[in-house]
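Architecture at a glance
Spelled out from the first residue to the last, the chains are:
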Amino acid sequence: MTPPMLNGMDPTDSATSPAEHNTTPTTLYSWRPPSPPHIHIPPLSGSDTSITLSKYRGLDDEQETREILSVITQGQNVAVEKPDWKYEMRRHIQAILSFLYLGPSSGAREIETLRREGITMLLVIRDTKTAQARILSGAKVAKQLGIEAGAIDVSGNMELIAAFPKAIQTINDHLIRVFRHRNPRGVNSQPLAATPKVLLFCESGNERSAAVAVAYVMATYELGLIEAIQYVQNQRFCIAFDDEMKHTLLNFHQLLEARRSVTQTRQAETTVSYKSKRRLELDDDDGDVDMGQQDDRDRFSGRTKFAPFM
């Protein structure tokens, strides 16, 4: 009797039989496509576990909004002290940056904590089905506190890569709007009023909302994927990303790098174009001067000398 085939492979085939090569298979042969490589995120170790934040490195901002965001984000000044992590802290919110918080839905209902921390917006990252059932929302608490509420709805993790720019824009729009309201003179206001603060949350505070926090750090401070995850995890230790989520964030990081490359190329072309135009204008001016001198020589070269006054 012919032995059955395992996953489309005949075990008696001499070309593929483990006995032929004196090997012991660890698992059954599979015809499925290979999985993407695992992305390992090493923990921060050693005496220095901090990651330095650069100045604001966002893209496609107008001059005024860029100045405001530069003041709000202000590089290393917005870094917060790493908490002494305890298991119970997973149920509460943590500051990722001085103006950006992350936590679970239960933390978004802690009214006294939200009031004490000065949260000005609750932004939920939720599944579309949850949104339709109105199960997860910060609108009620936001109304009670007199602050703003927003939502980013996705039907699955695959839609997150398209939702990241929208979430980042929502955060920045709120920061700019509240900053302008509190500082009528803009960045020249003295002293500057308290910085607005946004709380990102989802069911657990460890997956989708944490991914948005990582995406925001990458887009704002030009950190790489591993550094951005390490930075966020340093503040909220319990965040957990599977390989699918890590690759989604990696793809977003690659898109950011491509956009930055295009922006830098355009800026370089604009600079070269301006210099070339300026050089041509100077050459034209020199040509006009030379032409005027030549005209004068042509007009007076044949005249005899004479005394203008007697």
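Residues numbered from 1 in each chain as written. Predicted model: local features only at pLDDT ≥ 70, side-chain atom pairs only at ≥ 80, totals over all residues. Heavy atoms only, no water.

Before going further, it helps to examine the overall build of the chain. Counting its regular elements, the chain contains eight helices and five strands. For the chain, the sequential pattern of α-helices and β-strands runs α-β-β-α-β-α-α-β-α-β-α-α-α. Put simply, 70% of the contacts in the chain that link residues at least 6 apart link residues at least 24 apart. Summing over all exposed atoms, the chain offers an accessible surface of approximately 19500 Å²; the carbon and sulfur share of this is 53%. (Helix = DSSP H or I, 4+ residues; strand = E, 2+ residues; numbered from the N terminus. Contact = heavy atoms within 4.5 Å. Areas by Shrake-Rupley, 256 points an atom, 1.4 Å probe, with all protein chains shown as cover.)

Here the focus is the packing of aromatic side chains. Considering all chains together, one arrives at three aromatic pairs under this definition. Relative to Tyr216, the ring of Phe99 lies with its centre 6.1 Å away and its plane at 70°, an arrangement referred to as edge-to-face. Placement of Phe99 in the loop between β1 (94-97) and β2 (100-104) and of Tyr216 in helix α6 (residues 208-221) is noted, with a sequence separation of 117 residues between them. Neither Phe99 nor Tyr216 differs from the other in exposure class; each is buried. (Phe/Tyr/Trp six-rings, centres within 6.5 Å; stacked < 30°, edge-to-face > 60°. Buried < 20%, exposed > 50% of the residue type's maximum accessible area, 1.4 Å probe, protein only.)

Let us now look at the nonpolar core. Residues Leu97, Phe99, Leu200, Phe241 and Leu249 are the most contacted members of the largest nonpolar core, which totals 53 residues. Among the elements that take part in this core, α6 stands out by supplying eleven residues, more than any other. In this structure, Ile119, Val124, Leu136 and Ala142 belong to the second largest nonpolar core, which totals 16 residues. (Core = buried A, V, L, I, M, F, W, Y, C linked by side-chain atoms within 4.5 Å.)

Another point: the sheet that holds β1. The strands making up a sheet associate through backbone hydrogen bonding, with each pair oriented either parallel or antiparallel. Reading across the sheet, the five strands line up as β1-β2-β5-β3-β4 and stay open at both edges, with mixed pairing between neighbours. Of all strands in the sheet, those with a lone pairing partner are β1 and β4 (148-154), marking the two edges. In this sheet, neighbouring strand axes are inclined to one another by 25° on average, regardless of whether the strands run parallel or antiparallel. Across seven bridges, the pairing between strand β3 (residues 121-127) and β4 is parallel. Of the residues in β4, the one forming a bridge with Asp127 is Val154. Sitting on the sheet, helix α5 (residues 160-182) is in contact with β2, β3, β4 and β5 (198-202), with an inclination near 170° to β4. Running at roughly 140° to β5, α6 makes contact with β1, β2, β3, β4 and β5 of the sheet. (Pairing = 2+ DSSP bridges. Axes fitted to C-alpha atoms, helices over the stretch in contact; angles between N-to-C directions.)

Attention shifts here to the state of the cysteines. This model, assessed by the stated rule, comprises zero disulfides. Summary of cysteine pairing: Cys238 is not part of a disulfide, and the nearest cysteine sulfur, belonging to Cys202, is at 10.0 Å. (Disulfide = S-S within 2.5 Å.)

For Asp127, the position within the fold is in strand β3. Within the structure, the side chain of Asp127 is placed 2.8 Å from the backbone nitrogen of Lys129, a separation counted as a polar contact. Excluding anything up to four places from it in sequence, Asp127 contacts Val154, Ser155, Gly156 and Arg208. (Polar contact = N/O pair within 3.5 Å; in protein donor to acceptor, adjacent residues only side chain to side chain.)

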